[in-house]
Amino acid sequence: MRDIDVSFDAPPGVVTALLGPNGAGKSTVLRAIADAETRRVGLMFQDHLLFPHMTALDNVAFGARSRDVGRAWLERVGLSAFAGAKPRTLSGGQAQLVALARTLAADPEILLLDEPLAALDAGTRVAVRRDLHKFLSEFAGPTVLVTHDPVDAYVLADRVVVIEAGHITQQGTLDEITARPASRYVAEMVGTNLLRGVVEGLRLTIEGGLVTLTIAEEFDGAVLATIAPEAVTLHRDVTVGGSARNQWFTRVAHVDSLGPRARVQLDAPLPLVVEVTTAAVEELRLTRGVEVWASVKATEITTYPGL
Amino acid sequence: MNRTRRFPVAVVAVAVVGAAFFALPLFGLLQRARWSTLAHDLTTHAALAALRLSIECAIGATVLSIVLGTPLAWLLARGEFRGRRLLRALVLLPLVLPPVVAGVALLAAFSVHSPLGQLLHDVLGVQLTFSAAGVVMAQTFVAMPFYVITLEAALAGVDHRYEHAAATLGASPWRVFTRVTIPLVAGSVAAGGVLAFARALGEFGATLTFAGNISGRTQTLPLDVYLLLETDPRAAVALSLLLVAISLGALVALRDRWLVRA
């Protein structure tokens, strides 16, 4: 097994999301917390793991102080009508809500949720996520949520800890992380281009040294830079006298059509993703191998100190 | 005909012979039975007494198998300790042991001439040999392994995460065992119980050796059948048919339960 070295705070009343690609070690971290905790831990999993031989009410009341507490929690998740139902007769969303009620009815001091929405279909996931948000914001203790879905983190979490290959690559509020992604994984997740380079004054030399871009704010030192896919424009010919300070010649690596918009992956020297309209794709006849001029304004390049 | 569904002829032919091997003795029984006197043969005083004793003792052996065998099966399926393989071999030995040898072994351990048997006799006034209790013991000895292997397989297949979930909800190990683990394998408890009951009901060798063949006290149906074969073959066939019927009933009961996995 890979080494995992992770350390973060999970204060009471705060939902901390461990966000990262599959296999990054998030669930292992969660299990380690569960094993090490001396407080009462409430766990929720991708599978609801409701006891199949018990009714919904028996499940919820299993860890509760009394049956009435169980009944009250089933009521709070809005499933009183299913008190006598066996888990296999419940829908995926209902079963996960009963599982949530069962976990909370046991009066946990901390909550650990391992991909609680991952097994649900898209429509159900939205509804259950909304309910989960309500109960998590009412929960007084610390909550740690493992997810690979940024939407979960966005809706449910107050703080995000990004874990990649067993290590924390970034942590903060989701806004902070979105504004300044520290890794390619996060940049792709928030849908922007991430570059690494060195700035001298207004000149940003991209890692590798082949490309130098002009930026709008002076700085000196190693930086990370983001360029939004919409900020790059493509032309068939070199533009003379335009306002964009940066212009370079490249080829189209491939084009992914997404309905009215398309994502164009550029080739070397700057492998950026560019978002254009489908009309532009047709007009410029953008396909794999086509030669284009790309340009971006200095003000569209956001830089911030990076390692 | 679908080519993929064709069978090699030789294999089918041998399988038919194998099936006949099981079917012919049953046909023999049906053929030898005298149906007009069947009801009478089955309701003689001795037959009814043997039937009653058989069923009572087999139920006793089944209950004992479940009470003792459930923790054993759990230990074998879940325990991690040195000697687990040895314990499993020990528990399953009666499956392959000649029942008469089992009877001799039980005699050696529990007869009034053995230290343990003497102790039971002197202190508690209990004599196991040549008593109904001895019948139950002999039957349990040969029948319990059927229950244990059935339940062990089921317990090994239980998703541990249910038990883990129960534990995180604050349940004690005992509560997890009784409220989660065992209910999850309830179907196999029943299936193993039926198997053990059927095996106990047909027990002959160990019973005869350990408990003897005392009419009304230790004479179960199989022993009765064996004796009647000498004196009244027609009645022996009638009682045999009864045993076949009960065994078939057990199999039918199993058909629904056997493959049930929680």
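Structural notes, computed from the coordinates. (Residues numbered from 1 in each chain as written. Chains lettered and ligands numbered in written order. Predicted model: local features only at pLDDT ≥ 70, side-chain atom pairs only at ≥ 80, totals over all residues.)

**Notes on the overall build of chain B**
- Along chain B, the regular secondary structure elements total 13 helices and 0 strands.
- Tracing chain B from N to C terminus, the helices and strands come up as α-α-α-α-α-α-α-α-α-α-α-α-α.
- With the C-alpha coordinates of chain B rotated into their principal frame, the extents come out at 75 × 65 × 30 Å.
- In chain B, buried positions account for 35% of the 262 residues.
- Long-range contacts, defined as pairs at least 24 residues apart, comprise 77% of the intrachain contacts of chain B with a sequence gap of at least 6. (Helix = DSSP H or I, 4+ residues; strand = E, 2+ residues; numbered from the N terminus. Buried ≥ 20, exposed ≤ 12 C-beta atoms within 10 Å, placed from the backbone. Contact = placed C-beta atoms within 7 Å.)

**Section: the sheet that holds strand β12 (residues 273-277) of chain A**
Residue and element names in this part refer to chain A.
- Pairing within the open sheet is antiparallel, and its 5 strands lie in the order β9-β13-β10-β11-β12. Where the open sheet ends on each side, the last strands, each with one partner, are β9 (233-235) and β12. The average undirected angle you get between the axes of adjacent strands in this sheet is 50 degrees.
- Strand direction decides the pairing type here: strand β10 (residues 246-258) and strand β13 (residues 291-296), joined by 6 bridges, are antiparallel. Considered in β13, the bridge of glutamine 247 is made with serine 295. (Pairing = 2+ DSSP bridges. Axes fitted to C-alpha atoms, helices over the stretch in contact; angles between N-to-C directions.)

**Looking at the packing of helix α3 (residues 45-78) of chain B against helix α10 (residues 186-201) of chain B**
Residues and elements named next belong to chain B.
- Relative to each other, α3 and α10 sit at 140 degrees, their axes nearing to 8 Å. Judged by the angle between their axes, α3 and α10 are oblique. For the pair α3 and α10, the sense of crossing is right-handed. On α10, the residues touching Ser54, Ala58, Ala61, Thr62, Ser65 and Ile66 of α3 are Val189, Gly193, Ala196, Phe197, Ala200 and Leu201.
- In terms of residue class, the contact of α3 with α10 is made up of 8 nonpolar, 4 polar and no charged. (Parallel < 35°, antiparallel > 145°, perpendicular 65-115°, else oblique. Left-handed = near helix turned anticlockwise from the far one by under 90°. Nonpolar A, V, L, I, M, F, W, Y, C, P; charged D, E, K, R; others polar.)

**Some points on the nonpolar core**
- Ranked by size, the top nonpolar core spans 136 residues in total, and within it A:Ala17, A:Val60, A:Val98 and A:Ala101 carry the most contacts.
- For this core, the leading source of residues is helix α7 (residues 132-156) of chain B, giving 14 residues.
- Excluding anything up to four places from it in sequence, A:Ala17 contacts A:Leu145, A:Thr147, A:Asp152, A:Ala153, A:Leu156, A:Ala157, A:Val160 and A:Val161. (Core = buried A, V, L, I, M, F, W, Y, C linked by C-beta atoms within 7 Å.)

**Re the interface of chain A and chain B**
- Taken together, the contact between chain A and chain B spans 11 residues of the former and 12 residues of the latter.
- Considering only residue class, the side of chain A that touches chain B consists of 7 nonpolar, 2 polar and 2 charged.

Just distances and angles here, no functional claims.
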